[in-house]
Amino acid sequence: MHIVHVAAEMAPIAKAGGLGDAVTGLTKELQKHHQVSVILPKYSLISLSPTQLTLDMEFSCEKKRLSYNVRVFRAEVEGVFVYLVETSPLIDHFYEKKIYLGTQRDSERFIYFCKTVAEYLIRKNQVIDVLHLHDWHTSLLVPLVKEVYLSLKVLVRSVVLTVHNLAYIGRCFLRELEEIHYPLNHIESFACRGIFFKKYSLLRAGLFADAIVAVSPGYREEMLTKRYACGFLRLLEKRRDKVHGILNGIDKDLWDPQKDPHVPFPFSPKQSLAEVFRAKNKDKEALQKKLGLPLSHEPLVICVARLVPQKSPKLMKEGLLLAKEASCQGILLGTSPLKKEQAVFEKLADTYKGDSHLRFLPTFDEPLSRLLYAAADFFLMPSSFEPCGLSQMIAMRYGTVPIVHHVGGLKDTVFDPRYENASHKVNGFSLHKLSTTELKKTLSFAIASWRKDRCALLVSNGIQHDYSWKVPAEKYVQIYQKVLSSKK
Ligand code: GLC
């Protein structure tokens, strides 16, 4: 099959979060059996040298009153062909050193990107079996292919949309669509009907793809409930049989405690549990020395996350304070794009600077996060909702027991012995309510279990499990095939 992915992110060249990891992981795996490429904006932060880039095409495109130049470069990332779309400097929307600006300008930027991709694919004139889009940023391509550019309708045999997070609806304005000459008689699919006003969502237009894939079966179910449907319930219900759920994988080479250069005492699932614990103890000591914490063999609870409301930063803080009360150590690593939240954690960092149990580190530091995963005993992730979540899987692969809120992808990956009877499945703890009381109860239970036998069974199940992209990629291929055969 000829499969073309279009996305806002791809790790490691353009990554802001889990979306970037998922795009790389999935395309790398699909590429083993299919012809795969990825189309991305050529952000100025992408640091590929000119020798790594080949000019693939140059053309000009029309904007409302003027025309702009487009250059598409080809590069190879993780063995996958990537096409980077650059628009002329005059109206270059991607020159800022950021993937997302976090302002309304983002919708304008990605509307342009989608239009330019459509124009590029027309000129490329190749038959594409599956055009695979991700989240709101690229959703506009659904109506562009299906309704606007008839020549694309002929070239693109099917369109699939993966929803990584329904909550980002990609709000847009009609004038932004007018700017790219979008025919306004095709606007119905964008319209969310509110009680007082009508708003337009780019993601909504994407939900008319031939198949919609949520990033976990748990999130698929939730998307079909009023609470999590973000206003799209009626539409999703109508298209229920087109909505699927496939759990993401993680890149096993990228996240490997045996090969990770930031893990001073490596370990692997092939070793005995005693050997794994010995290595993890030494990693913990290395971490304690690095952060100036007293050397201690008490349990270590960590949080590694972007401090956005979805991740419940307040509960993370409470969890770490509870850990301290129970004589454990606690470390939080992560930044917030929200100034106020960032300030809260900078203040905490200051308050607990020389503390004997706690560290708040409001920075982004991937090497340190890797040492944390290896050194810790518990990984706390109390997300209010979580479409899939990658860090709980990384934690388990690094022998660390996750403590999560029982939602979305966390529900599909973490099994608590208090609720799960199958002893080969249990691998963590889950909060069935998002409250301080429930957190306290679960945390004390987890710490007590650790003091009994270091949660040996949970660690062992977690570290042995196969989190790779192999099975998820096979499931995607099944969906591609199903969609293609229904078109015949
Ligand atoms: C989004 C979701 C997260 C998911 C990731 C990759 O960031 O919030 O749950 O793991 O996308 O699909």
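Residues numbered from 1 in each chain as written. Predicted model: local features only at pLDDT ≥ 70, side-chain atom pairs only at ≥ 80, totals over all residues. Heavy atoms only, no water.

Enquirer: Run through the layout of surface pockets, naming residues and quoting values.
Expert: By volume, the second largest pocket amounts to about 550 Å³. What lines the second largest pocket is a set of 19 residues, and nearest its centre among them are Cys192, Arg193, Arg204, Gly231 and Arg234. Sorting the residues of the lining of the second largest pocket by element identifies strand 9 (191-193) and helix 8 (233-238) as the ones contributing at least two each. Element by element, the count of residues in the lining of the second largest pocket is highest for helix 8, at 4 residues. Its residues assigned to classes, the lining of the second largest pocket shows 9 nonpolar, 3 polar and 7 charged. (1 Å grid on protein atoms, 1.4 Å probe; cavity = no way out; pocket = protein on both sides within 12 Å on 5 of 7 lines; lining within 4 Å. Points joined across faces, edges and corners; volume = space filled by probe spheres on them. Helix = DSSP H or I, 4+ residues; strand = E, 2+ residues; numbered from the N terminus. Nonpolar A, V, L, I, M, F, W, Y, C, P; charged D, E, K, R; others polar.)

Enquirer: Talk me through the side chain of Asp283; I want residue IDs and the actual numbers.
Expert: Counting through the fold element by element, Asp283 comes out in helix 9 (residues 273-291). If sequence neighbours within four positions are ignored, Asp283 has contacts with Val263, Pro264, Phe265, Phe267, Leu371, Ala374 and Ala375. (Contact = heavy atoms within 4.5 Å.)

Enquirer: Provide a residue-level description of the sheet that holds strand 3 (residues 54-62), including the pertinent values.
Expert: The strand order 3-4-5-2-1-6-7-11-12 describes an open sheet built from 9 strands, whose pairing is mixed. Since the sheet does not close on itself, it has two edges, and those belong to strand 3 and strand 12 (243-245), each with one partner. Across the sheet, the mean angle from the axis of one strand to that of its neighbour is 25°, orientation sign disregarded. Here 4 bridges tie strand 1 (residues 2-6) to strand 6 (residues 130-134), and the two strands are oriented parallel to one another. Pairing of His5 across the sheet is with His132, part of strand 6. Along the sheet, helix 3 (residues 141-148) makes contact with strand 1, strand 6 and strand 7 (159-163), crossing strand 6 at roughly 145°. (Pairing = 2+ DSSP bridges. Axes fitted to C-alpha atoms, helices over the stretch in contact; angles between N-to-C directions.)

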